[in-house]
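# Structural description and commentary
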Amino acid sequence: MNILEQIKSPADLKYLSIPKMQALATQIRELIIKTVSQNGGHLAPCLGTVELTLALHKVFSCPRDKIVWDVGHQAYTHKILTGRRDKFSTLRKKNGITGFPNRFESIYDAFGAGHASTSISAALGMAVARDLNHENYNVIAVIGDGAMTGGEALEGLNNAGISKRKMIVILNDNEMSIAPNVGALSEYLSLIRVNEKYRRAKKDVHRILSSIPRIGNSVLKTANYVKDGFRNAIVPGGFFESLGFTYIGPTDGNNLEDLINVLEKIKINMDGPVLLHVQTKKGKGYIPAERHPDKFHGIGKFDIATGKPIVSDSIIPTYTAVFSQALVDLAAQDKNITAITAAMPSGTGLQKFSELYPSRFFDVGIAEEHAVTFAAGQATQGKHPIVAIYSTFSQRAYDQIIHDVALQNLPVVLCLDRAGLVGEDGPTHHGVFDMAYIRQIPNMVCMAPKDENELRQMLYSAIKYNSPCTIRYPRGSACGVEIQEEFSLVEKGKGELLSIGDDIAIIAVGSMVQEAIKAREELLNEKINCSVINARFIKPLDANLILATARKVKFIVTVEEGILAGGFGSAVLELLSDNNIYDVSVIRLGIKDKFIEQGTRQEILDECNLNSKSIVNAVKNFINGSDK
Ligand SMILES: Cc1ncc(C[n+]2csc(CCOP(=O)(O)OP(=O)(O)O)c2C)c(N)n1
Ligand SMILES: CC(=O)[C@@H](O)[C@H](O)COP(=O)(O)O
Ligand SMILES: [Mg+2]
């Protein structure tokens, strides 16, 4: 019997028996595996939280009770149970269901997510508002052990614990971030997992807790004193309790009955901040994902029978792969090069470096702010740290880039991967702000390669500049050009004049240079001959080249895969204005003042007019006078 089809809302779970819910869990897993095999997505995180999500929706009454998912990549079951089952096949597709909780998508999505470590702060905010409004509902933050390593999570715990507000933090501990989890907190959680003596004590503590009919804070304190005796030696949940939380756990996060029982007890008995520690298996229910939770953390299309990715047979390397190889080649020559990631060794291409140079590799957990200042500290002592970080996640470290790196003029190189429109992960993950926010920072260099060979040379050059520097490059395949093995210096602030035309110039940066070259070829077929400049630098601009060009042409198109406001095109306009050049028309192609929803990368590049066709149209409109 298909129980899933009978679930119209979470309320329907209230009447389901445990065996029926277990059958439902199986059906949900089948739907998630099938959908992700076709659409891609975060399979392993979602398979690990099926029972937890069912238990939460069984015990609590959403949307009145608020579930705040951390990162939100593990919330597919939540979406399926809350009215989106029939649309689930549109997951991560253009105009489809988003891959993360989204307040605009459903009233059941209490808070948007995508970036880690935000759930406790948001949940505490809701709890405070609830109390100020004299309302009464439950607020539950669900945060993974990886996300718990993020600074904002600890800031949230610190504030929530002392607030004494009624809220629940569920720590979903599967020992994994994307890669195996790292850090002292992770070790600490492992202690709880392995401490056999603790297991025995835990059973006693549970028996004591459950034997007291109604547990308010005062009575609970009595029970805690019992635990106190074990705290340091046996019941190490003390870290959370020392922050003011009542720690309960660890509980088997894949055991429906256990979860429902302990959540019921918490709902009835606790009136302050509670942390429930659940242990789950990432990828549970699909053997390939259980065996390789890192590979199946976020995966593209795959063959269910074999677990093998279904990939295009392109031999063109990704920018990430080219960065990865260039870095290990450079590290072989320069012992001062170190590499830092914030919990994304694979995604940023640092895996190979970590294997070849383990003493110079650092995974600091989901802690971008720390990563940047940690790099700055290394740089004061003669190291050349390379911080590999997705553009969108670098936003977390904005102040550290200014205050700790640029202000002190330290030679930290930020390699911003996934810069630009990333595709199916949508607006929380598009890396579209980096050019705008980096170029405002004094002492900072910001550059973007036109192809993979230039990326390799830029990485070499960035280290040679021996000053703060950012290189940004997009998600996915590069251009398929030949890579020059030997390193050569890209002169700081020097652009590249790719072709000389008549009275029109296309000035493009990074991924858009290839589109500019294509546009020029299309325009040549119509006897329109444009100059094309590969800007290379967002900061410092090649002022001589751009001004010399601007003094010769009547029309300039700037093209950037980034937000227009304050971006590369703005920099060109400022340069022209500062040099009293007003008799040239400028059109800026880039991302307008809005968040770009999900789709394939090509779909949303086209939607943003970031392609050769739009460049051609801009030129033709100018020539026909229709852009006035
Ligand atoms: C600020 C930030 N940095 C990095 C990421 C990339 N990221 C997404 S999920 C994840 C690991 C999360 O681990 P955990 O919270 O334990 O959840 P699990 O996948 O194990 O369920 C990371 C690093 C992110 N979403 N946000
Ligand atoms: C949920 C999250 O933030 C990461 O898993 C992210 O989706 C990875 O993106 P890539 O697939 O581009 O590596
Ligand atoms: Mg985890």
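Quick caveat, the model's predicted, so the values are computed rather than measured.

Time to look at the layout of surface pockets. Counted as a void, the second largest pocket has a volume near 420 Å³. In this structure, the second largest pocket is lined by 21 residues; those nearest its centre are Asn102, Phe104, Ala113, Pro427 and Thr428. Each residue belonging to the lining of the second largest pocket can be placed in one class, and the counts come to 7 nonpolar, 11 polar and 3 charged.

Attention now goes to the site of ligand 2. Near ligand 2, the surroundings consist of His42, Val71, His73, Phe100, Gly114, His297, Tyr390, Phe393, Arg418, Asp425, His429 and Arg475. One of the side-chain nitrogen or oxygen atoms of Arg418 is found 2.8 Å away from an oxygen atom of ligand 2. For ligand 2, an oxygen atom lies 2.5 Å from a polar atom in the side chain of Asp425. Burial of ligand 2 by the surrounding chains reaches 86%, relative to a free accessible area of 360 Å². Its residues assigned to classes, the shell around ligand 2 shows 4 nonpolar, 5 polar and 3 charged. When residues of the shell around ligand 2 are assigned to domains, at least three fall in each of domain 1 (4-182 + 236-291) and domain 3 (319-472).

Before going further, it helps to examine helix α20 (residues 512-524). In a regular helix each residue adds 1.5 Å, so 13 residues correspond to 18 Å; α20 covers 18 Å between its end C-alpha atoms and thus fits that length. Of the residues making up α20, those classed as buried are Met512, Val513, Glu515, Ala516, Ala519, Arg520 and Leu523. Around the axis of α20, the buried residues are gathered within 155 degrees of arc, so they sit on the same side. Buried residues in α20 make contact with β12 (496-499), β13 (504-508), β14 (530-534), β16 (555-563), α23 (601-607) and α24 (612-623).

Taken together, 22 residues surround ligand 1, and among them His73, Gly146, Met176, Lys282 and Glu368 come closest. At 2.9 Å, a side-chain N or O of Asn174 approaches an oxygen atom of ligand 1. When grouped by side-chain class, the residues that make up the shell around ligand 1 number 10 nonpolar, 8 polar and 4 charged. Taken together, domain 1 (4-182 + 236-291) and domain 3 (319-472) each give at least three residues to the shell around ligand 1, which thus spans both.

Another aspect to go through is the UniProt feature "binding site: thiamine diphosphate" (unreviewed entry) in the chain. On the UniProt side, "binding site: thiamine diphosphate" (unreviewed entry) is annotated at positions that read His73, Gly114, His115, Ala116, Gly146, Ala147, Asn174, Tyr286 and Glu368 here. These annotated residues cover 296 residues of sequence, and their C-alpha atoms reach 31.6 Å apart at the extreme, placing them across more than a single site. From the list above, the second largest pocket is lined by His115. With respect to the helices, strands and loops of the structure, Ala147 is situated in the loop between β2 (139-144) and α6 (151-163). You can call Ala147 buried: its relative accessible area is 6%. Among all residues touching Ala147, those that are not within four sequence positions of it are Asp70, Val71, Ala116, Ser117, Ala153 and Ile366. Residue position: Glu368 is located in helix α15 (residues 368-380). The residues touching Glu368, leaving out its near neighbours within four places in the chain, are Ala342, Ile389, Phe393, Arg396 and Ala397.

Turning our attention to the UniProt feature "domain: Transketolase-like pyrimidine-binding" (unreviewed entry) in the chain. When the UniProt feature table is mapped onto this chain, "domain: Transketolase-like pyrimidine-binding" (unreviewed entry) is found at residues 317-481. Taken as a whole, residues 317-481 contains 40% helix and 16% strand, while its terminal C-alpha atoms sit 10 Å from one another.

A few words now on the nonpolar core. Counting residues in each nonpolar core, the largest one holds 55 residues, and the members touching the most others are Ile32, Leu43, Leu54, Leu56 and Ile170. Per-element tally for this core: the top contributor is helix α1 (residues 18-39), with 8 residues. In terms of nonpolar packing, the next biggest core, distinct from the first, is built from 49 residues, Cys446, Val509, Ile538 and Ile556 among them.

This next bit is on the packing of aromatic side chains. Evaluation of the coordinates by the stated rule reveals 16 aromatic pairs. Ring geometry for Tyr188 and Phe239: centres 5.7 Å apart, planes at 70 degrees, overall edge-to-face. Highlighted residues: Tyr188 in helix α7 (residues 184-194) and Phe239 in helix α10 (residues 238-242), separated in sequence by 51 residues. Through a chain of ring-to-ring contacts, three or more aromatic side chains come together here, namely Tyr188, Phe239, Phe240 and Tyr247. Here Lys66 stacks its cationic end above the ring of Tyr137, 5.0 Å away from the centre of that ring.

Attention now goes to the sheet that holds strand β1 (residues 66-69). Pairing is parallel in the open sheet, where 5 strands are placed in the order β1-β2-β3-β5-β4. Two strands lie at the open edges of the sheet, namely β1 and β4 (246-252), each paired on one side alone. If you compare each strand with its neighbour and ignore which way they point, the axes differ by 20 degrees on average. Looking at chain direction, strand β3 (residues 167-173) and strand β5 (residues 273-279) are connected through 7 bridges and run parallel. Looking across to β5, one finds that Ile170 is bridged to Leu276.

One pass over the full model with this rule turns up 24 salt bridges. Note that Arg84 is salt-bridged to Glu105, the shortest N-O span being 2.8 Å. With a gap of 21 residues between them, Arg84 in helix α4 (residues 76-84) and Glu105 in the loop between α4 and α5 (119-132) connect regions that are remote in the sequence. Accessibility expressed as a relative area gives 2% for Arg84, which makes it buried. Taking the relative accessible area as the measure of exposure, Glu105 reaches 23% and is therefore partly exposed. The partner of Asp451 in a salt bridge is Lys450, and the shortest N-O contact between them spans 3.9 Å. A relative accessible area of 7% places Asp451 in the buried class.

Let us now look at the sheet that holds β14. Pairing in this open sheet of 5 strands is mixed, and the strands run β12-β14-β13-β16-β17 from one edge to the other. Each end of this open sheet is capped by a strand with a single partner; those strands are β12 and β17 (585-591). Averaged over neighbouring strand pairs, the angle between their axes works out to 20 degrees when direction is ignored. With 6 bridges joining them, β16 and β17 adopt parallel strand pairing. By the bridge assignment, Val557 is partnered in β17 with Ile587. Sitting on the sheet, α24 is in contact with β13, β16 and β17, with an inclination near 150 degrees to β16.

Parameters and conventions
Residues numbered from 1 in each chain as written. Chains lettered and ligands numbered in written order. Predicted model: local features only at pLDDT ≥ 70, side-chain atom pairs only at ≥ 80, totals over all residues. Heavy atoms only, no water. 1 Å grid on protein atoms, 1.4 Å probe; cavity = no way out; pocket = protein on both sides within 12 Å on 5 of 7 lines; lining within 4 Å. Points joined across faces, edges and corners; volume = space filled by probe spheres on them. Nonpolar A, V, L, I, M, F, W, Y, C, P; charged D, E, K, R; others polar. Near = heavy atom within 4 Å. Polar contact = N/O pair within 3.5 Å; in protein donor to acceptor, adjacent residues only side chain to side chain. Areas by Shrake-Rupley, 256 points an atom, 1.4 Å probe, with all protein chains shown as cover. Domains from an automatic or database assignment. Helix = DSSP H or I, 4+ residues; strand = E, 2+ residues; numbered from the N terminus. Expected span 1.5 Å × (residues − 1). Buried < 20%, exposed > 50% of the residue type's maximum accessible area, 1.4 Å probe, protein only. Arc of directions from axis to C-beta. Contact = heavy atoms within 4.5 Å. UniProt positions renumbered as here; feature names shortened; annotations may be inferred. Core = buried A, V, L, I, M, F, W, Y, C linked by side-chain atoms within 4.5 Å. Phe/Tyr/Trp six-rings, centres within 6.5 Å; stacked < 30°, edge-to-face > 60°. Lys NZ or Arg CZ within 6 Å of the ring centre and 35° of its normal. Pairing = 2+ DSSP bridges. Axes fitted to C-alpha atoms, helices over the stretch in contact; angles between N-to-C directions. Salt bridge = Lys/Arg side-chain N within 4 Å of Asp/Glu carboxyl O.

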